[in-house]
Amino acid sequence: MLNVSAKAVSRWECGTTMPDVMLLPRIAKLYCVTVDDLYKEKCIAYDNYAQRLMSVYEQTGRKEDFWNAENEFAKLLKDGKCTMKDLCHYAILYQFFMQDCKKKSQELFDKGLRMGCENDENTYHWIERQKMCLLSSVGEDETNIREYTEKFDKNSDNVYDYINLLAAYFFAGNNEKALGIFTEAEKKFENSSILYIFGGDVYKRLKMYDEAMACWDKSISIDVSFTAAFWSKADCFEEMGEYKKACTVWEELVKWYEEKGYEIEAEAPRRRLEECQKKTG
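A. Local environment of the side chain of Asn144. Along the chain, Asn144 falls in helix H7 (residues 141–154). Contacts of Asn144, omitting those with residues within four sequence positions, involve Met132, Leu135, Ser136 and Ala168.

Following this line, the structure appears as structure tokens:
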């Protein structure tokens, strides 16, 4: 396997000579250990190299160690050598990675928020909503609702406090409460594109499609740069089976991205447009 003579191996075993340093990674992999393990007096035996690399990532949390382990598990899976135990370890690897990603994401969101609302109000509240979405994805909806209810009670004259509280209930799936907040906010604030995007999304969940479309159209008329309204509108038309209308919205969105020079961003709606075109024949 190493393309060396039996005598060379014998000399290593007897302690007469040492293997060439360039062979150490290959030797380690043969025994399902790391190079560091070769220098230890005792080493735990693993079923394979992938499991050993997973244990390294578990200890370090470094992205490069995650990818080393991921690559090894992917090879096992591709070669049909992944056992039930390996699949469990592979899943645990991603579980660890998910936890580390959540922690890192929260750290970065919090760092952005510490820069202050006065620095850039729109971005500040965008970060708030993105962090809220992250926490909701890991089951912390009550944390969001509690935090933004407290902020709302302190300053309910700010449109962003309405939007954030609406978003907290929307992410939690409490559509009736979210709708109540939207209808109350709509009476006070008529020029918030983001407010109408969320309002439309709430109406869509409640299958109130006409009201949803009116909200997204209002959002686009206020500020066309918040493209989420286009996405929601096109998705809704597809959900309703109105693929020709969806095509029209996807075309508008693709055009908007292309005119602004966002070629990469235009790719996804372009694919959705092609899918809708096929469905319309």
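Having seen it, we continue.
B. Focus on the packing of helix H10 (residues 193–205) against helix H12 (residues 228–239). Two numbers describe how H10 lies on H12: the axes approach to 10 Å, and their chain directions differ by 15°. Between H10 and H12, the angle is such that the two are roughly parallel. Note on packing geometry: the crossing formed by H10 with H12 is left-handed. Contacts between H10 and H12 involve Ile197, Asp201 and Lys204 from the first element and Ala228, Ala229, Ser232, Asp235, Cys236 and Glu239 from the second. Broken down by class, the residue content of the contact of H10 with H12 amounts to four nonpolar, one polar and four charged.

C. A look at H12. Taking 1.5 Å per residue, twelve residues should reach 16 Å; H12 reaches 16 Å between its end C-alpha atoms and fits that length. When we look at burial in H12, the residues that qualify are Ala229, Phe230, Ser232, Lys233, Ala234, Cys236, Phe237 and Glu238. On its buried face, H12 is in contact with H10, helix H11 (209–222), helix H13 (243–260) and helix H14 (263–280). Count one or two residues on from H12 and you reach Gly241, which has phi positive near 80°.

D. Focus on a positive patch on the surface. Side chains of Lys63, Lys104, Lys111 and Arg114 sit close together on the surface and give a patch of like positive charge. Considering each element in turn, the positive patch owes the most residues, three residues, to helix H5 (residues 84–114). Locating Lys63 in the fold gives a position in helix H4 (residues 63–78). Residue classification places Lys63 among the exposed positions, given a relative accessible area of 58%.

E. Molecular detail of the packing of aromatic side chains. Summed over the entire model, instances satisfying the criterion amount to 19 aromatic pairs. Look at Phe66 and Tyr94: their rings are 5.2 Å apart centre to centre, the planes differ by 85°, and that puts the pair in the edge-to-face class. Residue Phe66 is located in helix H4, and its partner Tyr94 is located in helix H5; the two are separated by 28 residues in the primary sequence. Given a relative accessible area of 37%, Tyr94 falls into the partly exposed group. A ring pair is formed by Phe73 and Tyr90, whose centres lie 4.9 Å apart and whose planes are at 15°; its orientation type is stacked. With Phe73 in helix H4 and Tyr90 in helix H5, this pair connects stretches of sequence that are 17 residues apart.

F. Quick peek at the pattern of salt bridges. Evaluated as defined, the whole model comprises 19 salt bridges. The salt bridge involving Lys233 is made with Asp217; its shortest N-O contact spans 2.5 Å. Of this pair, Lys233 sits in helix H12 while Asp217 sits in helix H11, placing them 16 residues apart in sequence. For Lys233, a relative accessible area of 14% translates into the label buried. In this structure, a network of salt bridges that share partners links the residues Glu258, Glu263, Glu267 and Arg270.

G. Focus on unusual backbone geometry. The residue Asn3 is not glycine, and still its phi comes out positive at about 60°. The residue Asn3 is located in the segment before helix H1 (6–14) in this model.

What counts, and where the lines are drawn
Residues numbered from 1 in each chain as written. Predicted model: local features only at pLDDT ≥ 70, side-chain atom pairs only at ≥ 80, totals over all residues. Heavy atoms only, no water. Helix = DSSP H or I, 4+ residues; strand = E, 2+ residues; numbered from the N terminus. Contact = heavy atoms within 4.5 Å. Axes fitted to C-alpha atoms, helices over the stretch in contact; angles between N-to-C directions. Parallel < 35°, antiparallel > 145°, perpendicular 65-115°, else oblique. Left-handed = near helix turned anticlockwise from the far one by under 90°. Nonpolar A, V, L, I, M, F, W, Y, C, P; charged D, E, K, R; others polar. Expected span 1.5 Å × (residues − 1). Buried < 20%, exposed > 50% of the residue type's maximum accessible area, 1.4 Å probe, protein only. Patch = residues over 30% accessible without salt bridge, like charges linked within 9 Å, V, L, I, M, F, W, Y side chains within 5 Å. Areas by Shrake-Rupley, 256 points an atom, 1.4 Å probe, with all protein chains shown as cover. Salt bridge = Lys/Arg side-chain N within 4 Å of Asp/Glu carboxyl O. Lys, Arg positive; Asp, Glu negative; His and termini not counted. Charge placed at Lys NZ, Arg CZ, Asp CG, Glu CD. Phe/Tyr/Trp six-rings, centres within 6.5 Å; stacked < 30°, edge-to-face > 60°.

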